[in-house]
Amino acid sequence: MSETVVFSQLSRKFIDESDDTPDDAQQVIYYGLAIGHHLGVIDCLEAALTCPWDDYLTWIATLEAGSEARRKMEGVPRYGEIVIDANHIVMLANAFDAARAGQTAQQQEWSSHMLNMLHAIHQENAIYLMVRRQRD
C-alpha cells in the first residue's frame, strides 16, 4: 500500500439547482458564491500537486523548525488533511521561498509549484487548497 499527499485546488464552484434562478434572485446567488456559503454551493477541487508520503515529510522538514509554517504543514501527518487559504499565503510563501536554498531539485520544484498555488490564492481569495494524505 502506497501513501501520497495530494494538494487539491479549488477550480470552480457551481450551484446545485434543478430549477432556473429568477433574475431578481441572481444577485443573492452571486453573493453566496463570493462569500463561500455552502447552501447548495458545490466546490470542485482538482489535484494540483501530488507527493509521495515519505518525500512530503522530508520536504516539509526543510521548513524552519518550530515555525508556524512548518506546524501548518505538519497538520497533514497529524490530522490527515489541512486547508490552506488566504490567511496562510504570506506565512507559507515566505517559508517555502526561504527553504528553497537548502532543498533538493525535486523539493525546489514542489516549492515553486506551492508558491504558484499561493500566488493564485493571492490573486483570487476564493481559491483555497485542500491537502490530504491518501492511501492507495
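Undergrad: Please explain the packing of aromatic side chains as it appears in this structure.
TA: Any pair of aromatic rings gets described here by the distance separating the centres and the angle formed by the planes. As enumerated under the stated definition, the model contains 6 aromatic pairs in all. Ring geometry for Tyr56 against Trp59: centres 6.1 Å apart, planes inclined by 75 degrees, an arrangement best described as edge-to-face. One end of the pair, Tyr56, and the other, Trp59, are both in helix α2 (residues 53-60), 3 residues apart, so they sit about a helical turn from each other. In this structure Tyr56 comes out as buried when scored by relative accessible area, which is 0%.

Undergrad: Whenever I open this one, the pattern of salt bridges confuses me. Can you help?
TA: Between side chains of opposite charge, a pair can form when the charged atoms approach closely. For the coordinates displayed, the defined rule picks out 6 salt bridges. Here Glu3 makes a salt bridge to Arg133, at a shortest N to O gap of 2.8 Å. With Glu3 in strand β1 (residues 3-15) and Arg133 in strand β4 (residues 129-135), this residue pair connects regions lying 130 residues apart in the sequence. In this structure, Arg135 engages Glu3 in a salt bridge whose closest nitrogen and oxygen atoms are separated by 3.0 Å. With a gap of 132 residues between them, Arg135 in strand β4 and Glu3 in strand β1 connect regions that are remote in the sequence. By relative accessible area, Arg135 is classed as exposed at 53%. Where salt bridges share partners, they join Glu3, Arg133 and Arg135 into one cluster.

Undergrad: Would you explain the side chain of Gln9 in this entry?
TA: Checked against the element boundaries, Gln9 lands in strand β1. Gln9 gets classed as buried once you look at its relative accessible area, which sits at 18%. Sequence-distant contacts of Gln9, defined by excluding residues within four places in its chain, comprise Cys44, Leu45, Glu46, Ala48, Met117, Ala120, Ile127, Tyr128 and Leu129.

Undergrad: What should I look at first to understand the pairing of strand β3 (residues 81-84) in this one?
TA: Along any regular strand, the residues point their side chains to alternate faces of the sheet. Burial of β3 is one-sided: the residues Ile82 and Ile84 facing one way are buried, the residues Glu81 and Val83 facing the other way are not. Here β3 pairs with β4 via 4 bridges, running antiparallel. Residue pairing in the sheet places Glu81 in a bridge with Arg132 of β4.

Undergrad: Can you help me understand the environment of Ala61 in this one?
TA: Among the secondary structure elements, Ala61 is positioned in the loop between α2 and α3 (68-73). Separated by 42 residues in sequence, Ala61 and Gln103 have C-alpha atoms that sit 9.9 Å apart.

Undergrad: Explain the packing of helix α5 (residues 89-99) against helix α6 (residues 105-123) to me, please; I cannot follow it from the model alone.
TA: Each pair of packed helices can be described by the angle between their axes along with the distance between the axes. The interhelical angle for the contact between α5 and α6, taken along N-to-C directions, is 160 degrees, at an axis separation of 10 Å. Taken as axis vectors, α5 and α6 run roughly antiparallel relative to one another. In the packing of α5 onto α6, the handedness of the crossing is left-handed. Facing α5, whose interface residues are Ile89, Leu92, Ala93, Phe96 and Asp97, α6 presents Ser111, Met114, Leu115, Leu118, Ile121 and His122. For the contact of α5 with α6, the class distribution of residues is 8 nonpolar, 2 polar and 1 charged.

Rules used throughout
Residues numbered from 1 in each chain as written. Predicted model: local features only at pLDDT ≥ 70, side-chain atom pairs only at ≥ 80, totals over all residues. Heavy atoms only, no water. Phe/Tyr/Trp six-rings, centres within 6.5 Å; stacked < 30°, edge-to-face > 60°. Helix = DSSP H or I, 4+ residues; strand = E, 2+ residues; numbered from the N terminus. Buried < 20%, exposed > 50% of the residue type's maximum accessible area, 1.4 Å probe, protein only. Salt bridge = Lys/Arg side-chain N within 4 Å of Asp/Glu carboxyl O. Contact = heavy atoms within 4.5 Å. Pairing = 2+ DSSP bridges. Axes fitted to C-alpha atoms, helices over the stretch in contact; angles between N-to-C directions. Parallel < 35°, antiparallel > 145°, perpendicular 65-115°, else oblique. Left-handed = near helix turned anticlockwise from the far one by under 90°. Nonpolar A, V, L, I, M, F, W, Y, C, P; charged D, E, K, R; others polar.

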